[in-house]
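Summary of the model geometry
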Amino acid sequence: MKPPVDIAVVGAGAAGLAAAVSAARAGAETLLLDRRAAVGGTGGFSGLTTLCGLYDDAGDYLNDGFAREFAELLAERRSPGWLESSQEPQHAGLETGAPLRMGRVWVLQYRPEKFRELAAKLIATTPTLRAQWSTPVVDAVLEGNRIVQLSGINVGAVIDCSGTAEVARAIGAECLATDETTQASAIIFPLCNVTRELKTAAEVAQVLLPLARAGFPPLNLQPGLEPSRLTAKFTGSAEQVGPLLEFLRSSVHGFEHCTTPITEFVPARRAGRMIVGQQVLTGADVLTGRKFPDAVARCAWPIEQWGADGVARFQYLPAGTHYEIPARSLRVAKIENLFMAGKTISADVDAIASARVMGCCLATGAAAGNLAAAYVGSARTR
Ligand SMILES: Cc1cc2nc3c(=O)[nH]c(=O)nc-3n(C[C@H](O)[C@H](O)[C@H](O)COP(=O)(O)OP(=O)(O)OC[C@H]3O[C@@H](n4cnc5c(N)ncnc54)[C@H](O)[C@@H]3O)c2cc1C
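In this text the structure is predicted, and so the values were computed from the model without any measurement.

The next point concerns the pairing of strand β17 (residues 303-306). Going residue by residue along β17, you find Ile303 and Gln305 tucked away on one face and Glu304 and Trp306 tucked away on the opposite face as well. Bridging between β17 and strand β18 (residues 312-315) involves 4 bridges; their strand directions are antiparallel. Note on β18: the bridge partner recorded for glutamine 305 is arginine 313. Between β17 and the antiparallel strand that follows it, β18, lie 5 residues; glycine 310 among them carries a positive phi value of about 80 degrees.

Time to look at the site of the ligand. The local shell around the ligand holds 33 residues, among which Asp34, Thr42, Thr50, Val137 and Arg356 are the closest. Here an oxygen atom of the ligand and a backbone polar atom of lysine 343 are 3.0 Å apart. Between an oxygen atom of the ligand and a main-chain N or O atom of arginine 356, the distance comes to 2.7 Å. A total of 1000 Å² of accessible area belongs to the ligand in isolation, and the protein chains cover 96% of it.

It is worth spelling out the pairing of strand β9 (residues 153-160) at this point. Within a regular strand, the side chains alternate between the two sheet faces. Most of β9 is tucked away, with 7 of its 8 residues classed as buried. In this structure, strand β1 (residues 5-10) lies alongside β9, joined through 5 bridges in parallel fashion. Each residue of the ladder has a partner; that of valine 5, found in β9, is valine 155. In terms of strand pairing, strand β8 (residues 146-150) meets β9 through 2 bridges, oriented antiparallel.

The antiparallel open sheet is built from 3 strands, whose spatial order is β3-β5-β4. Both edges of this open sheet fall to β3 (50-52) and β4 (100-102), since each of them pairs with a single strand only. Going from strand to strand, the sheet's axes swing by 45 degrees on average, the running direction of each strand aside. Direction of pairing for β3 relative to strand β5 (residues 105-109): antiparallel, over a ladder of 3 bridges. Pairing of threonine 50 across the sheet is with glutamine 109, part of β5.

What follows deals with the packing of aromatic side chains. All chains considered together, the criterion is met by 8 aromatic pairs. Between the aromatic rings of phenylalanine 66 and phenylalanine 70, the centroid separation amounts to 5.9 Å while the plane-to-plane angle is 25 degrees, which identifies the pairing as stacked. Taken together, the positions of phenylalanine 66 and phenylalanine 70, both in helix α3 (residues 66-75) and 4 residues apart, correspond to about one turn of that helix. Classification of phenylalanine 66 by relative accessible area gives buried; the value is 4%. Overall, phenylalanine 70 belongs to the buried group, its relative accessible area being 0%. Look at phenylalanine 189 and phenylalanine 265: their rings are 5.6 Å apart centre to centre, the planes differ by 80 degrees, and that puts the pair in the edge-to-face class.

With that settled, the discussion passes to the side chain of lysine 233. Following the sequence through the fold, lysine 233 ends up in strand β13 (residues 230-234). Buried within the structure, lysine 233 lacks any salt-bridge partner; its nearest side chain of opposite charge belongs to glutamate 304, at an N-O separation of 5.5 Å. Excluding residues that lie within four positions of it along the chain, lysine 233 makes contacts with Leu48, Ala186, Ile187, Ile188, Pro218, Leu219, Asn220, Gln222 and Arg270.

Parameters at a glance
Residues numbered from 1 in each chain as written. Predicted model: local features only at pLDDT ≥ 70, side-chain atom pairs only at ≥ 80, totals over all residues. Heavy atoms only, no water. Buried < 20%, exposed > 50% of the residue type's maximum accessible area, 1.4 Å probe, protein only. Helix = DSSP H or I, 4+ residues; strand = E, 2+ residues; numbered from the N terminus. Pairing = 2+ DSSP bridges. Near = heavy atom within 4 Å. Polar contact = N/O pair within 3.5 Å; in protein donor to acceptor, adjacent residues only side chain to side chain. Areas by Shrake-Rupley, 256 points an atom, 1.4 Å probe, with all protein chains shown as cover. Axes fitted to C-alpha atoms, helices over the stretch in contact; angles between N-to-C directions. Phe/Tyr/Trp six-rings, centres within 6.5 Å; stacked < 30°, edge-to-face > 60°. Lys, Arg positive; Asp, Glu negative; His and termini not counted. Salt bridge = Lys/Arg side-chain N within 4 Å of Asp/Glu carboxyl O. Contact = heavy atoms within 4.5 Å.

Pasting the structure below:
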């Protein structure tokens, strides 16, 4: 008997969106589930504004397919007023959809509301895809080496894009985990009305130094979507955000009138759980630009560790190289119809510190969607 859904995708962040749209486009009846009330995940809801991992070090796309399609649609300037901000080169990315160079890497600047809006539109316009919100997946039923039911729904295959390996946990599959010592959580929020130029590392350091001297936990500042706006990543607690803003206003030149539109400050978790697959991608694979015969995605993002001290440590690939992610890192070792993408791929703590960025999550999501659809197609003919 054909199950009610061919493929269930758990988690509607960057990876789950890509997986669900790709599986459905490949002809599978697909159901996307999330415990939240809407699509977006970390990329749509945490306040992030830089999509990393899309490009090689020349600023060219590393992956075609859904990752590129989503990035190009996200970059498209559709609503009037998007551009009113600035003509400065630093913001040319947002104006034109061109990548923005940040140190040795390239990123795409985006608006989180646009991310959510575009994702919802893609879901609504994909014929064999439907979504179910506010639905935490808590259990799965195994029959032999296959999942046959997920939260009471009969399924042909499952893609775990929960970021924390919820499906794998439900069936007791082996997982690896990062922790707060290398992937520290941070509160992300926009800082508006900043009148000071922060284009170089030295200019940023001049702001961060008095904060550190005053005993505040580390703050990371990135260019925001307009010249007077920064994106802050704060390693402190929600209670410390108010005093931090007060200190900036009273003691740091150029921040006298800084504000944030955010009222609820929630730490976003970098740390996740990875499911052990047929191949575990390693930090050495990343840093040597390893290639695989069954490669399904590419990435060139550095290994980016965030210590509890709030300091980022980057290990870069050699210039001009990228590494590949094999299909075996998206397939669970002993469960034939469980696939994974995004933050849950089969990778060690170093490799995931590179592969967790959203551009790579989009690419592994699309690949997992295609792999699961092919699996379901071949299972039907068996
Ligand atoms: C502080 C911080 C800064 C970052 N900065 C950047 C950056 O600048 N650029 C960049 O590209 N990346 C950045 N990242 C990394 C990136 O945002 C994430 O790794 C990426 O978005 C993960 O995508 P995902 O789809 O795998 O998971 P997520 O986006 O986390 O999506 C997982 C989804 O699964 C759902 N879910 C979880 N459990 C269940 C369940 N039981 N049932 C149903 N649904 C469930 C969640 O609600 C969520 O919507 C940052 C991350 C953090 C935390």
